[in-house]
Amino acid sequence: MKTLKIAAAMACIAFLPNLASAADGATLFKKCKFCHSLEAGKNKMGPSLHNITGKPAGKVAGFKRYSDRFKAADFIWTDKNLDEFFQNPKKISKMTARLSKAEDRAAMIEFLKTK
Ligand code: HEC
């Protein structure tokens, strides 16, 4: 039953229209907060994104749901890595929320630096 609910929620997310017309990280983050919190130590379906820029990928303390690929990841979240990841997260992870516009990715990366 729980799995069903999660699947339904994920389907909704996949069909959300683009929430922001102008690139604004806080607004764009609405696409992410179902799975991510910005509070240190508060993991949801995805790891906490508190202070994620400059941190090693796949290493948020207490987050147990990393895919094998993320568990084995050996790189730091630089602006460039985040940009590539948000453009096509499926390439390296089980995460599906992508930001297809370059300006949205830039806004998100700047936003995350403040959190
Ligand atoms: C449906 C749930 C879900 C949504 C929505 C989602 N994520 Fe994720 N995210 C995850 C999961 C799960 C992982 C771990 C990926 C893995 O292990 O393959 C992850 C990983 C990440 C990471 C890497 C964290 C680390 O510890 O290395 C970043 C950065 C990230 N997400 C940002 C975002 C942003 C920005 C958005 C919104 C545009 C978003 N996510 C939307 C589930 C989600």
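Being a predicted model, the structure only gives us computed values, none of them experimental.

What counts and how
- Residues numbered from 1 in each chain as written.
- Predicted model: local features only at pLDDT ≥ 70, side-chain atom pairs only at ≥ 80, totals over all residues.
- Near = placed C-beta within 6 Å.
- Nonpolar A, V, L, I, M, F, W, Y, C, P; charged D, E, K, R; others polar.
- Helix = DSSP H or I, 4+ residues; strand = E, 2+ residues; numbered from the N terminus.
- Expected span 1.5 Å × (residues − 1).
- Buried ≥ 20, exposed ≤ 12 C-beta atoms within 10 Å, placed from the backbone.
- Contact = placed C-beta atoms within 7 Å.
- Axes fitted to C-alpha atoms, helices over the stretch in contact; angles between N-to-C directions.
- Parallel < 35°, antiparallel > 145°, perpendicular 65-115°, else oblique.
- Left-handed = near helix turned anticlockwise from the far one by under 90°.

1. A few points about the site of the ligand
Right, so step 1: Lining the immediate surroundings of the ligand are 25 residues, of which Cys32, Cys35, Gly46, Ser67 and Ser93 lie closest.
Right, so step 2: In terms of residue class, the shell around the ligand is built from 17 nonpolar, five polar and three charged.

2. Description of helix 5 (residues 102-113)
Right, so step 1: Over its twelve residues, helix 5 runs 17 Å from end to end, which matches the ideal 16 Å to within 8%, given 1.5 Å per residue.
Right, so step 2: Taken together, the buried positions of helix 5 are Asp104, Arg105, Ala107, Met108, Ile109 and Leu112.
Right, so step 3: Against the buried residues of helix 5 lie helix 2 (25-28) and helix 4 (79-87).

3. Thoughts on the packing of helix 4 against helix 5
Right, so step 1: Their axes nearest at 10 Å, the elements helix 4 and helix 5 cross at an angle of 130°. When the axis of helix 4 is compared with that of helix 5, the two are oblique. In this structure, helix 4 meets helix 5 at a crossing whose hand is right-handed. Contacts between helix 4 and helix 5 involve Asp79, Leu82, Asp83, Phe86 and Gln87 on the former and, on the latter, Arg105, Met108 and Ile109.
Right, so step 2: Broken down by class, the residue content of the contact of helix 4 with helix 5 amounts to four nonpolar, one polar and three charged.

Fair warning: the whole summary comes from geometry, so function is off the table for now.
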